[in-house]
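Examining the three-dimensional arrangement
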2 protein chains.
Amino acid sequence: MTLEMVSSNKSFGGWHRQYRHHSETLGCPMRLAVFLPPQAEQGPVPALYWLSGLTCTDENFMQKAGAQRVAAELGIALIAPDTSPRGEGVADDPAYDLGMGAGFYLNATQTPWAAHYRMYDYVTRELPTLLEATLPVSGQRAISGHSMGGHGALIAALREPGRYRSVSAFSPISHPMDCPWGQKAFTAYLGTEQDRWREWDSVQLLRERGAPTLPCRVEVGLDDPFLAEQLGIDTLAEAARAAGWPVQIERHAGYDHSYYFVASFIEAHLRFHARHLGASPQA
Amino acid sequence: MTLEMVSSNKSFGGWHRQYRHHSETLGCPMRLAVFLPPQAEQGPVPALYWLSGLTCTDENFMQKAGAQRVAAELGIALIAPDTSPRGEGVADDPAYDLGMGAGFYLNATQTPWAAHYRMYDYVTRELPTLLEATLPVSGQRAISGHSMGGHGALIAALREPGRYRSVSAFSPISHPMDCPWGQKAFTAYLGTEQDRWREWDSVQLLRERGAPTLPCRVEVGLDDPFLAEQLGIDTLAEAARAAGWPVQIERHAGYDHSYYFVASFIEAHLRFHARHLGASPQA
């Protein structure tokens, strides 16, 4: 269980660092990025796990969201894993929405994916265990993400609410069973039997397991080109209402699916998570 | 003189837009990016011209610097041109530090570069004229940049201080005549006669023309791997002191040459420029 540092940049008084390690869960080397706020020099700080969307790596969020400024103020570590296993021997598909860059944060059961595609266990178990043992990050965890990563954050919170203090999402794929991206990925990774899909679908988890205790905020742009076909936000809102889960869903005219949208509202999400994480803002 | 919009993203209540146009100065089509703050809906706003560094396009600053938040607050447009002419028929070199992506913001005189490489005239003349005629940006201009773009911003301010209200730079190549990047580029673009180089060198311009009237701020990271060999910051500081130009040079321990450094201090530069631009902050 060792982390090899592959880059380090000072940022807002803290440190942006990329690490490489061998993942037992995924059976391959993985790179990830961590932002440690200045407060981490005094001891462990709470952490926000950020799950990125299709085609992304650990770099997109760290380079484009502009989250470090507020994370440094609030004393929150940011942790950005990759979006799939990668490397020689890892199954792939030429499409952007399957295989490498498109792990969908689930544990695959189907050939050839099952050998490596276990991103759910990686991001919810192996990674926190590793980081909390080797870096100054505490077990006070929040989780968030964008698009496919918003789906990942929501299912993590709904399946294991005890592991997180709060959850949020930007433009999440909220009901993958009912959209083209999700149906394609779930068929490949989980097989055609739709009963197996339900445990990886936020809307279905809400319907079957009821409201979790942790708070949730969702941000979506009304000019998002994927809003109608892929995201299922209204279905999520209805399932949350039926389950009695007070999800704060914020809809924004004119905003799209890009990191320009994420950057515009990341500060609100960080302050939302900080209220539940017991973070220690700078004096 | 027309601008074709090629992308548009809402960002912090304003708009990030990419445009394409035919540049008469460069003799090729050029792409650029503009951030229009919300205040631009009420009429022309002051503009900060940002000149990027080696290998960059219009995208690096807009995606990585996190400048839109404060620009939206202060009511300043951000304008990010490309770093060289591009396209078929434009001379290039396989190295990253010559040719496309490495225009050095000067007007080349040597074959094969002279035909297209006239970035100085493009960023200081053609582009402001075009944008002020077609977009809600006023003639109140500030100029800034990073590395090669910091050099570009400084020479623009020193050669034509009347065109800008303020100038700033991150990690600028301050004395290109005296560093490997600059000597290689100047030899190619301007020829071997060093007398021709002096009018494109910030330190030399300061020595020969004296202090301009506009204010200047320079930010540099002390762990910048290019600091000693390429940037000439101490020489710039000495030339400014000798000329009586009160340049504010801020040196930061631990920071490097990356956009993680730029992002950490862009807010300070925007607020510096706003004080001289007559911007109209949001109520």
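Conventions adopted
- Residues numbered from 1 in each chain as written.
- Chains lettered and ligands numbered in written order.
- Predicted model: local features only at pLDDT ≥ 70, side-chain atom pairs only at ≥ 80, totals over all residues.
- Heavy atoms only, no water.
- Contact = heavy atoms within 4.5 Å.
- Buried area = accessible area lost by both parts, 1.4 Å probe.
- Salt bridge = Lys/Arg side-chain N within 4 Å of Asp/Glu carboxyl O.
- Polar contact = N/O pair within 3.5 Å; in protein donor to acceptor, adjacent residues only side chain to side chain.
- Helix = DSSP H or I, 4+ residues; strand = E, 2+ residues; numbered from the N terminus.
- Nonpolar A, V, L, I, M, F, W, Y, C, P; charged D, E, K, R; others polar.
- Phe/Tyr/Trp six-rings, centres within 6.5 Å; stacked < 30°, edge-to-face > 60°.
- Buried < 20%, exposed > 50% of the residue type's maximum accessible area, 1.4 Å probe, protein only.
- Lys NZ or Arg CZ within 6 Å of the ring centre and 35° of its normal.
- Pairing = 2+ DSSP bridges.
- Axes fitted to C-alpha atoms, helices over the stretch in contact; angles between N-to-C directions.
- UniProt positions renumbered as here; feature names shortened; annotations may be inferred.
- Arc of directions from axis to C-beta.
- Least-squares fit on C-alpha atoms with pLDDT ≥ 70 in both.
- Parallel < 35°, antiparallel > 145°, perpendicular 65-115°, else oblique.
- Left-handed = near helix turned anticlockwise from the far one by under 90°.

**What to know about the interface of chain B and chain A**
Between chain B and chain A, the contact holds 23 residues from the first and 23 residues from the second. At the boundary of chain B with chain A, total buried surface from both sides reaches about 1,900 Å², with 50% on carbon and sulfur atoms. Summed over the shared surface of chain B and chain A, the number is zero salt bridges. Summed over the shared surface of chain B and chain A, the result is twelve residue pairs in polar contact (both at pLDDT 80 or more). Those elements giving two or more residues to the side of chain B that touches chain A turn out to be β1 (4–11), β2 (14–23), α1 (59–64), α2 (68–74) and α9 (259–277) of chain B. With five residues, the top contributor of residues to the side of chain B that touches chain A is α9 of chain B. A class-by-class count of the residues in the side of chain B that touches chain A yields eight nonpolar, ten polar and five charged.

**Side note on the packing of aromatic side chains**
What the rule picks out here adds up to 24 aromatic pairs over all chains. For the pair Y117 of chain A and Y189 of chain A, a centre-to-centre distance of 5.5 Å together with 25° between the ring planes defines the contact as stacked. Remark: Y189 of chain A occurs in helix α5 (residues 180–190) and Y117 of chain A occurs in the loop between β5 (77–81) and α3 (119–134); sequence separation between them is 72 residues. Of the two residues, Y117 of chain A and Y189 of chain A, both sit in the buried class. In textbook terms, an aromatic cluster arises when at least three aromatic residues are bridged by ring pairs, as seen for W50, F61, F170, Y255, F261 and F265 of chain A. Taking NZ or CZ as reference, R159 of chain B lies 4.5 Å from the ring centre of Y120 of chain B, over its face. One Lys or Arg, R159 of chain B, reaches over the ring of W200 of chain B and ends 3.8 Å from the middle of that ring.

**Overview of the sheet that holds strand β9 (residues 248–252) of chain A**
Pairing is mixed across the open sheet formed by nine strands, whose spatial order is β1-β2-β3-β5-β4-β6-β7-β8-β9 (chain A). Edge positions in the sheet fall to β1 (4–11) and β9 of chain A, since each of these pairs with one other strand and no more. Across this sheet, the average inter-strand angle for adjacent strands is 20°, counted without regard to direction. The sheet strands contacting helix α4 (residues 148–159) of chain A are β4 (45–51), β6 (137–145), β7 (166–170) and β8 (216–221) of chain A, and the helix crosses β6 of chain A at an angle near 130°. In the packing of α9 of chain B onto the sheet, the strands contacted are β1 and β2 (14–23) of chain A, and the crossing angle to β1 of chain A comes to about 25°.

**What about the UniProt feature "active site" (unreviewed entry) in chain A?**
Residue and element names in this part refer to chain A. UniProt tags S147, D224 and H257 as "active site" (unreviewed entry). Annotated residues spanning 111 residues; largest pairwise C-alpha distance 10.8 Å, indicating a single compact cluster. Mapping S147 onto the fold places it in the loop between β6 and α4. The exposure class assigned to S147 is buried, which follows from its relative accessible area of 3%. What S147 contacts, discounting residues up to four positions off in sequence, is G53, F170, S171, P172, I173, W181 and H257.

**Some remarks on α5 of chain A**
Along α5 of chain A, the residues classified as buried are W181, G182, A185, F186, A188, Y189 and L190 of chain A. Each buried residue of α5 of chain A lies within a common arc of 165° when the element is viewed along its axis, so the set occupies one face.

**What to know about the relation of the copies chain B and chain A**
You can overlay chain B on chain A at an RMSD of 0.0 Å; the transform is a turn of 180° with a shift of 0.0 Å along its axis. The superposition operator between the copies reduces to a two-fold rotation axis. Same-surface contact between copies: 100% of interface residues of chain B are shared with the interface of chain A.

**Considering the sheet that holds strand β4 (residues 45–51) of chain B**
Residue and element names in this part refer to chain B. Here nine strands make up an open sheet; going across it, the order is β1-β2-β3-β5-β4-β6-β7-β8-β9 and the pairing mixed. Taken across any chain shown, the strands that pair with only one partner, and hence form the sheet edges, are β1 and β9 (248–252). In this sheet, neighbouring strand axes are inclined to one another by 20° on average, regardless of whether the strands run parallel or antiparallel. By the bridge criterion, three bridges tie β4 to strand β5 (residues 77–81) in an arrangement that is parallel. Each residue of the ladder has a partner; that of A47, found in β5, is A77. Strands in contact with α9 are β4, β5, β6 (137–145), β7 (166–170), β8 (216–221) and β9; relative to β7, the strand with the most contacts, it is inclined by about 175°.

**Regarding the packing of helix α4 (residues 148–159) of chain B against helix α6 (residues 202–209) of chain B**
Residue and element names in this part refer to chain B. Axis separation between α4 and α6 bottoms out at 9 Å; the angle between their running directions is 15°. It follows that α4 is roughly parallel to α6 by the angle criterion. In this structure, α4 meets α6 at a crossing whose hand is left-handed. Residues H151, L154, I155, L158 and R159 of α4 lie in contact with α6, whose contacting residues are S202, L205, L206 and R209. Here the residues of the contact of α4 with α6 are counted per class, giving five nonpolar, two polar and two charged.

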